[in-house]
Amino acid sequence: MRESLPHDVVHISRFDDAAQRLGLGWHGLPRPGGRVQGRDECTRILNDITAAAEERLCRYLRQFERHSLISRVVENHEACIVDRSQWERTSGALLGISANPSGTRQEIYEHIQKANGTGLASRIVLEAALCECPIGTGFQISDFDISSLMAMAMIIHHLGGYSDAIRYEGMRPEIRISPAGDVQIDVSFFDDIVTPVGEHFLGGRIDRIRRDYSDLLRDPEPVTTVQITSLVDDRFATAWKAETGISLADFRTALEALENRLVETGRAREILRRPELLQYLSEQVDCAEQFVAWLELLPRTGWKNVPKPYADLDRQPWRFRRRLSAARRPILRLEPPLESDVMIAPGMIRDAFRIELHNYYYGQYDSISIGSKEMRAWREYIVAKEAAEFEERVVARLLELGWHARRGAKFSHILGKSLSEDFGDIDVLAWHSDGRVMLLECKDLQFAKTSSEIAKQLYKFRGKVDDKGRPDLLGKHLKRIGLARANAAAFQSHLNLANVRIDGALVFAHTVPMSFAAERISHTVRLFTYDQLEMEF
C-alpha cells in the first residue's frame, strides 16, 4: 500500500507561509496598519481577519476540480502519516547511535511536528474542498497549489487560536498589523507555555515508542469477538452502540474488511460508488449503512454553512474534537446524492476509530456533542470514576511516603458544624505527625493540544472570580485553604495533632500547561504532578 503513495511529501514551504500572510492583516485594520490593544478590540480584529482568511481559502479552492483535488490531498496526507511513523519508529535507533542525543531528539521532534502540521492542514483543506470545489470542471492541482492551500489552512488555524488565547487571557491583548499587512503578536505565550507543553508530550511519546519497539517485532495475537466483549465494560459497549448505531465488534469487522480490500489491490485509498461500498460491507456486517453514515463527511452548500444540529464550533478548524472534521468523519462523500462517489482511506478510518474510542471511553467529548443519553450517562460515570481513582492513587502514594491521608474530607465533619456556604469537599486531606497539613486539589485533566485549549485551561486556574463573582477552580481551592487556616484549631483537634501548619497544593496526573505558567497564577500556590509527590513530600 505504501508503494501507491507519493515518495515525496508536500509540506508547507516557508515561501508560501510568508506569502499568504502578506496583506491579510488589512482586513482587520486598514492600511497602513498599526497597533491594537485590549481584549475586545483584539479579538474583534482577529475574528475579521480570520473570516477574510477563510473566504480567501474558499475562493482559491473554487478553481480546482473536486475529485482530483481530494484524491491528491488524501494521498499527500497518507504519505505524510507514513513519514511521521517512520521517524517515530526509528527514533530509538537514531538516538542510540547519535553522538549528540539532545540535538538528534530535537531534529526528530521537528520532523514529527512538521508531519503533524501537514496532516492537520491537509484535513482542513479536505473539509473545505468538499464544500467549495466544483465537480467535473476546474484545474488539476499541483504540488505548489497544495502547499499554498495548506499554508492558508494553517493561518486560519493559528488566527482562530490567537483570538481564543487572547479571550481567555493566555496571550497579551496586543497585536500589530505591519505595513506589509502581516499580523504580529507577542509570542511569549507560545515560547513559555505552548511549545514546552508540545515538546513534553512529544518527548513522552517518543520514549514510549522506544520502550515498546520490541512489540513491532512480534506477530500480533488475534483478538476474537468474544475477547473484545470480555475486555470492554458492558456499559460502555451499550453506550457506544446507542451513540453510533453499530457495535464495537461490528465496527472492527467493517474496518478490517476495508483494510483487506485495499491491501489486496495495493492501494492506500479508493474512490467508489457509495452503493458499491455498502454492498461490499453488507457481506461482512449487518449494519453497513450505520457504519458508513457515522463516519461520513457530507458536502455542504458552503464550508461555513453549518446545518443543525451542528454549530459553527463543529467546523472551526482551530478546535479539536469537533464533529464536522475529517479526523472524525474520514469517509468523504464527494457529492450530495446517496449514489455518489465516496473516498475511503482505511488509514484515516482506523485513526478516526482510535480517536473516537479513546475520547468516548474517557469522557473527553463535551456533553453537548453527545447524541445519546446512554453515552452521556457513561461520560458522567467515567469522569467521576477517573477522578476518584486518581485521588485514591494520590492517597496511596502519600501513605507510602509516611503521611496520613484520606479523600473526600468534608468541612462540616472536621469543623463539627454546617456552613452557610458550600465550600466543596477536600479532594485529599493529608497530614504528618510533625504538624504539616495539606489540602490537595487533585486533577486528572484532559490533554490540551492547541493554543486555544491551553489558554482555556489556564483561564480556569488563575485564582480569580468571573463577572458574576464566581471563583474559578483555583479560586475555590484557595477559599478552602483560607477556611481551613481560619479554623486551624478544629483541624488540630480533628487530626489529633500537637500543632498544625496548614497549606495547600494542586496535584495533576500529568504535566499540564499550568506546570509552565506558575508566574501567571496570581496567588502563591504549590503545583506539581503525581510523579513529583516524592520530591515534594
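Notes on the structure follow. (Residues numbered from 1 in each chain as written. Predicted model: local features only at pLDDT ≥ 70, side-chain atom pairs only at ≥ 80, totals over all residues. Heavy atoms only, no water.)

1. Section: the packing of helix α10 (residues 248–265) against helix α13 (residues 346–361)
Under the convention used in this document: What counts as an axis is a line fitted to C-alpha atoms, over the stretch in contact for a helix, and the angles between N-to-C directions run from 0 to 180 degrees. Here a strand is any run of E in DSSP of at least two residues, a helix any run of H or I of at least four, and the numbering for each starts at the N terminus. The labels follow the angle: roughly parallel below 35 degrees, roughly antiparallel above 145, roughly perpendicular from 65 to 115, and oblique for the rest. Helix crossings fall into two classes, left-handed where the near helix is turned counterclockwise from the far one by less than a right angle and right-handed where it is turned clockwise. Two residues form a contact once any of their heavy atoms are found within 4.5 Å.
For the pair α10 and α13, the least separation of the axes is 9 Å and the interaxial angle reads 160 degrees. Accordingly, the angle class assigned to the pair α10 and α13 is roughly antiparallel. The handedness of the crossing between α10 and α13 comes out as left-handed. Seen from α10, the contacting residues are Leu-248, Phe-251, Leu-255, Glu-256, Leu-258, Glu-259 and Leu-262; seen from α13, they are Pro-346, Ile-349, Arg-350, Phe-353 and Leu-357.

2. Some details on the packing of α10 against helix α12 (residues 288–295)
Helix-helix packing is characterised by the crossing angle of the two axes and by the distance between the axes. Note the threshold: When residues are sorted by character, Ala, Val, Leu, Ile, Met, Phe, Trp, Tyr, Cys and Pro go into the nonpolar class, Asp, Glu, Lys and Arg into the charged class, and all the rest, Gly among them, into the polar class.
Contact pair α10 / α12: the axes reach a minimum separation of 10 Å and the direction vectors enclose 80 degrees. Classified by the interaxial angle, the pair formed by α10 and α12 is roughly perpendicular. Taken together, the residues of α12 that come into contact with α10 (itself represented by Phe-251, Ala-254, Leu-255 and Leu-258) are Phe-291, Trp-294 and Leu-295. Partitioning the contact of α10 with α12 into residue classes produces 7 nonpolar, no polar and no charged.

3. Considerations on a nonpolar patch on the surface
Heads up, the condition is: Patches here are clusters of residues that have more than 30% relative accessible area and form no salt bridge, with a 9 Å joining cutoff for like charges and a 5 Å cutoff for nonpolar side chains (Val, Leu, Ile, Met, Phe, Trp, Tyr). Every accessible area reported is derived by Shrake-Rupley at a probe size of 1.4 Å, with residue values counting cover from the shown protein chains alone. For this document, the term salt bridge refers to a Lys or Arg side-chain nitrogen within 4 Å of an Asp or Glu carboxyl oxygen. Partly exposed residues are those whose accessible area sits between 20% and 50% of the maximum for their type, while under 20% is buried and over 50% is exposed, using a 1.4 Å probe and protein chains only.
Together, Tyr-213, Leu-216 and Leu-217 give the surface a local cluster of nonpolar side chains, amounting to about 320 Å² of exposed area. Mapped onto the elements of the fold, Leu-217 is located in the loop between α7 (188–211) and α8 (225–231). Here Leu-217 falls in the exposed class, since its relative accessible area comes to 65%.

4. What about the sheet that holds strand β10 (residues 436–443)?
We count it as follows: The pairing criterion is simple: DSSP has to find at least two bridges between the two strands.
Spatial strand order, β8-β9-β10-β11-β12: 5 strands in an open sheet with mixed pairing. Of all strands in the sheet, those bounded by a partner on one side alone are β8 (404–409) and β12 (526–529). For this sheet, the mean angle separating the axes of adjacent strands, direction not counted, is 30 degrees. Pairing of β8 with strand β9 (residues 426–431) involves 5 bridges; the strand directions are antiparallel. Paired with Ala-405 across the bridge in β9 is Ala-430. Against the sheet, helix α14 (residues 373–400) makes contact with β8, β9, β10 and β11 (501–508), and its axis sits at roughly 160 degrees relative to β8, the strand it touches most. On top of the sheet, helix α17 (residues 473–486) reaches β10 and β11; it is set at about 160 degrees to β11, its chief contact.

5. What about the packing of aromatic side chains?
As a reminder of what qualifies: The aromatic pairing rule takes the rings of Phe, Tyr and Trp, using the six-membered ring of Trp, and pairs them if the centres are within 6.5 Å, calling planes under 30 degrees apart stacked, those over 60 edge-to-face and the rest tilted. Put simply, a charge is over a ring when the Lys NZ or the Arg CZ is close to the ring centre, within 6 Å, and near the line of the ring normal, within 35 degrees.
Inspection of every chain in the model, using the stated rule, returns 24 aromatic pairs. Look at Trp-294 and Tyr-360: their rings are 6.5 Å apart centre to centre, the planes differ by 40 degrees, and that puts the pair in the tilted class. Note that Trp-294 is positioned in helix α12 and Tyr-360 in helix α13, a separation of 66 residues in sequence. Each member of the pair Trp-294 and Tyr-360 is classed as buried. Three or more aromatic residues link up through ring pairs in this structure, and these residues are Phe-236, Trp-240, Phe-251, Phe-291, Trp-294, Phe-353, Tyr-360, Tyr-361, Tyr-362, Tyr-365, Trp-378 and Tyr-381. If you follow Arg-235 out to its NZ or CZ, it ends over the ring of Tyr-381, 4.1 Å from the centre. Between the NZ or CZ atom of Arg-329 and the centre of the ring of Trp-294, over which it lies, the distance is 5.9 Å.

6. Describing unusual backbone geometry
With an omega of 0 degrees, the peptide bond running from Arg-31 to Pro-32 counts as cis. In this fold, Pro-32 is placed in the loop between α1 (14–21) and β1 (34–37). Although it is not a glycine, Glu-169 adopts a positive phi angle of roughly 65 degrees. Looking at the secondary structure, you find Glu-169 in the loop between α6 (143–167) and β2 (174–177).

7. Section: the sheet that holds strand β6 (residues 331–333)
The sheet built from 4 strands is open, its strands ordered β4-β7-β6-β5 with mixed pairing. Each edge of the open sheet is held by one strand with a lone partner, namely β4 (270–273) and β5 (296–297).

8. Remarks on the environment of Gln-457
Its location among the elements puts Gln-457 in helix α16 (residues 451–459). For Gln-457, a relative accessible area of 11% gives the class buried. Taking C-alpha positions, Gln-457 is 19 Å from Glu-386, a pair spaced 71 residues apart along the chain. Those residues in contact with Gln-457 that sit more than four places away from it in its chain are Leu-445, Gln-446, Ala-448, Val-512, Pro-513 and Met-514.

9. Here we look at the pairing of β10
Across the 8 residues that make up β10, a large majority, 6, are buried. Sheet topology note: the β9/β10 ladder contains 4 bridges and is antiparallel. Its bridge partner lying in β10, Ala-430 is registered against Met-438. Taking the residues between adjacent antiparallel strands as the criterion, β9 and β10 are bridged by 4 residues, where Gly-435 takes a positive phi near 105 degrees. The pairing of β10 with β11 spans 8 bridges and is classified as parallel. Counterpart to Cys-442 in the pairing with β11 is Val-507.

10. Some words on the nonpolar core
What counts here: Here, nonpolar core refers to any group of buried Ala, Val, Leu, Ile, Met, Phe, Trp, Tyr and Cys residues whose side-chain atoms link them within 4.5 Å.
In terms of nonpolar packing, the biggest core is built from 73 residues, with Leu-61, Leu-69, Ile-70, Leu-159, Phe-189 and Leu-332 touching the most fellow members. Setting aside chain neighbours within four positions, we find Leu-159 in contact with Leu-24, Leu-46, Ile-49, Thr-50, Ala-53 and Val-183. Phe-251, Ala-257, Leu-262 and Leu-272 belong to the second largest nonpolar core, which has 34 residues in total.

11. Describing the pattern of salt bridges
Considering all chains together, one arrives at 49 salt bridges under this definition. Taking the shortest distance from any N to any O, the salt bridge between Glu-256 and Arg-252 comes out at 3.2 Å. One end of the pair, Glu-256, and the other, Arg-252, are both in helix α10, 4 residues apart, so they sit about a helical turn from each other. For Glu-256, a relative accessible area of 29% puts it in the partly exposed group.

12. Focus: the side chain of Ser-98
Operational definition: What qualifies as a polar contact is a pair of N or O atoms within 3.5 Å, subject to a donor-acceptor requirement within protein and to the restriction that residues adjacent in sequence count only when both atoms come from side chains.
Along the chain, Ser-98 turns up in the loop between α4 (91–97) and α5 (101–132). Reaching out from Ser-98, the side chain makes a polar contact with the side chain of Thr-104 at a distance of 2.5 Å.

13. Let's talk about the side chain of Asp-145
Threshold: Positive: Lys, Arg. Negative: Asp, Glu. His and the chain ends are not part of the count.
Mapped onto the elements, Asp-145 comes out in helix α6. One buried charged residue, Asp-145, forms no salt bridge at all, with the nearest opposite charge on Arg-72 at 9.7 Å. Setting aside residues no more than four positions away along its own chain, Asp-145 makes contact with Tyr-60, Phe-64 and Gln-140.

14. Let's talk about the state of the cysteines
The condition that has to hold: What counts as a disulfide here is a pair of cysteine sulfur atoms lying within 2.5 Å.
With the rule as written, the count across this model stands at 0 disulfides. Cys-80 carries a free sulfur, and the closest cysteine sulfur to it, the one in Cys-133, is 20 Å from it. In this model Cys-133 remains outside any disulfide bridge; the closest cysteine sulfur is found in Cys-58, 9.5 Å from its own. The class of Cys-133 is buried, set by a relative accessible area of 1%.

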